[in-house]
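For reference, the chains in residue letters:
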Amino acid sequence: MGKPPLTKEEKRSVNFTFRLTEEEQKKLFRLSEITGQVPGVLIREKLFKGRFPEPKKAKLDLDTYLELKRIGVNVNQLAKHANAGRMLVGMPTILKQLVEQLNLMIKLLLDDSKPENR
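Residues numbered from 1 in each chain as written. Predicted model: local features only at pLDDT ≥ 70, side-chain atom pairs only at ≥ 80, totals over all residues. Heavy atoms only, no water.

(A) Helix 1 (residues 22–35), seen in detail. In this model helix 1 runs 20 Å from its N-terminal to its C-terminal C-alpha over 14 residues, within 8% of the 20 Å that 1.5 Å per residue would give. Those residues of helix 1 not exposed but buried are Leu28, Ser32, Ile34 and Thr35. Buried residues of helix 1, viewed axially, fall in a sector of 165°; they line one side. In this structure, helix 1 carries Glu22 and Glu33 as exposed residues pointing more than 90 degrees from its buried face. Once helix 1 ends, the next one or two residues include glycine 36, with phi positive near 75°. (Helix = DSSP H or I, 4+ residues; strand = E, 2+ residues; numbered from the N terminus. Expected span 1.5 Å × (residues − 1). Buried < 20%, exposed > 50% of the residue type's maximum accessible area, 1.4 Å probe, protein only. Arc of directions from axis to C-beta.)

Following this line, the structure appears as structure tokens:
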């Protein structure tokens, strides 16, 4: 099932052409890549709303995903031992290290989601 047809007022039927320098075009394409929007949408958003669309979220790379998975597996194993009533020697230290690793991963992910870090 397709989307409903646009009304005459909603259709964008008017073309408007303007010129850019090569550097401006590169900036526009870079913004387009960051936000995940086509250049025409970017220009319309900025012109009529006074702002650019929000940047798209950063994608997890494979290394980040695997590291988060390892942390989760380790936490799960420690929880299994704790629930069975077996406290491992050094468990608080291990948990502290895992939490520090997790906080570092979260910080890296949050920093990566900022447009200036892409």
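Now, onward.
(B) Expanded view of the side chain of serine 32. Tracing the chain through its elements places serine 32 in helix 1. Judged by relative accessible area, which is 13%, serine 32 ranks as buried.

What is shown is where atoms sit, not what they do.
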